[in-house]
Amino acid sequence: MEKYILPIVVGLIIVVMGIANTKGNISTLHWYHRQRVSEANRLPFGRLVGWGTILIGCSLILFGILAYMADSLGNVMLETIGTGIMIVSLIAGLGVSFYAMIKYNKGIF
């Protein structure tokens, strides 16, 4: 049971950070992004990065739940489905976040 709690807890922390970002609080992001984003673009930038972050966090939570169910029920297919969902959501979440960085920072670095 303990090995399934870690992705769920990490996912919850990431979701909370994403919610803060969607409200315009970008203090959880790297200093470079905080300096490069203008005050007028802070809210739209935070929303995009926040939704990408929330997507990543939710995928970790779902993976933890499906992995636990797979172990409890003896059904490996559930863990495989959870892994697939997590990978696709991670790529999509990073894509949304990188899009916001490119749009509002003119680059990711």
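Conventions used here
- Residues numbered from 1 in each chain as written.
- Predicted model: local features only at pLDDT ≥ 70, side-chain atom pairs only at ≥ 80, totals over all residues.
- Heavy atoms only, no water.
- Phe/Tyr/Trp six-rings, centres within 6.5 Å; stacked < 30°, edge-to-face > 60°.
- Helix = DSSP H or I, 4+ residues; strand = E, 2+ residues; numbered from the N terminus.
- Buried < 20%, exposed > 50% of the residue type's maximum accessible area, 1.4 Å probe, protein only.
- Core = buried A, V, L, I, M, F, W, Y, C linked by side-chain atoms within 4.5 Å.
- Contact = heavy atoms within 4.5 Å.

Caption draft 1: Representation of the packing of aromatic side chains in the model. Counted according to the given criterion, the structure contains 2 aromatic pairs. Note on Tyr4 and Tyr68: the rings are 5.8 Å apart at their centroids and 70° apart in plane angle, and the pair reads as edge-to-face. Linking Tyr4 in helix H1 (residues 2-22) with Tyr68 in helix H3 (residues 42-73), this pair joins segments that are 64 residues apart in sequence. The buried category is assigned to Tyr4, whose relative accessible area is 7%. Look at Tyr68 and you get partly exposed, because its relative accessible area is 37%. Between Phe45 and Tyr104, the ring centres sit 6.2 Å apart and the planes meet at 75°, which makes this aromatic pair edge-to-face. Taken together, the positions of Phe45 in helix H3 and Tyr104 in helix H4 (residues 76-105) put the pair 59 residues apart, joining distant regions of the chain.

Caption draft 2: How the structure looks around the nonpolar core. In this structure, Ile26, Leu29, Val37, Phe45, Val49, Ala100, Met101 and Tyr104 together form the largest nonpolar core, which totals 8 residues. Taken together, the elements giving at least two residues each to this core come down to H3 and H4. With 3 residues, the single largest contributor to this core is H4. Excluding residues that lie within four positions of it along the chain, Met101 makes contacts with His33, Phe45, Lys106, Gly107 and Ile108.

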